[in-house]
Amino acid sequence: MRHRTVSDLVGTQVLVQLPPGAAVREAVRLMAERHIGAVLVTESGRLVGIFTERDMVNRVAAEGCNLDATTLDSVMTRNPRTVEADAPALSALRLMQLGRFRHLPVTRKGRLSGIVSLRDFAGNELAEVEREGDLGRAFAEGGRESG
């Protein structure tokens, strides 16, 4: 079986990008319209942040921020991790699991080219990461001394 790359997951995407000074309401509107969970925040073509559903809950709604007055630069996740398009899909999923995030911007030769989310991964990658987690837990539990 051929292992998929991140590029296989991304396919052809229309990137949803906004500048750091855009209002949160604009980001939320785009996310709802396009049925996506994150917006890439870019400045002069360079990725500076990502605004996700989790940011909306934890940094906007929980704080009672005004959606029109609050800008993305004040509530986005700055300098998010990225993955190269030619990386194995399994590596991207591992990175997401370790970092505890659900969206990962994709670059190709240093330029923004897409985004992957947890729902983009097939059963094979998810099963492999779960198996690795089970092995790690078994190792940790096996290393404990019983009293």
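Residues numbered from 1 in each chain as written. Predicted model: local features only at pLDDT ≥ 70, side-chain atom pairs only at ≥ 80, totals over all residues. Heavy atoms only, no water.

1. Quick look at the nonpolar core
Here is step 1 of the chain: Grouped together as the largest cluster of nonpolar side chains are 17 residues, with contacts concentrated most on L18, V24, F51, V60 and L72.
Here is step 2 of the chain: Listing elements by their share of this core, those giving two or more residues are α2 (24-34), β2 (38-43), β3 (46-52), α3 (53-61) and α4 (72-75).
Here is step 3 of the chain: At 4 residues, α2 tops the list of elements feeding residues into this core.
Here is step 4 of the chain: Once residues lying within four places of it in the same chain are set aside, the contact partners of V24 are F51, M56, V60, L67, T70, T71, L72 and V75.
Here is step 5 of the chain: Listed in part, the 15 residues of the second largest apolar core include L9, A85, L93 and L104. (Core = buried A, V, L, I, M, F, W, Y, C linked by side-chain atoms within 4.5 Å. Buried < 20%, exposed > 50% of the residue type's maximum accessible area, 1.4 Å probe, protein only. Helix = DSSP H or I, 4+ residues; strand = E, 2+ residues; numbered from the N terminus. Contact = heavy atoms within 4.5 Å.)

2. Observations concerning the confidence of the model for the protein
Here is step 1 of the chain: Counting all residues, the mean pLDDT for the protein is 86, and 81% of those residues have values of 70 or more.
Here is step 2 of the chain: Looking over the protein, one finds the lowest element-wise mean pLDDT in helix α6 (residues 123-142), namely 56, and the highest in α4, namely 98.
Here is step 3 of the chain: Scored below 50 in pLDDT, residues 143-147 shows 0 contacts in the model against residues more than four places distant or in partner chains. (pLDDT = per-residue confidence, 0-100.)

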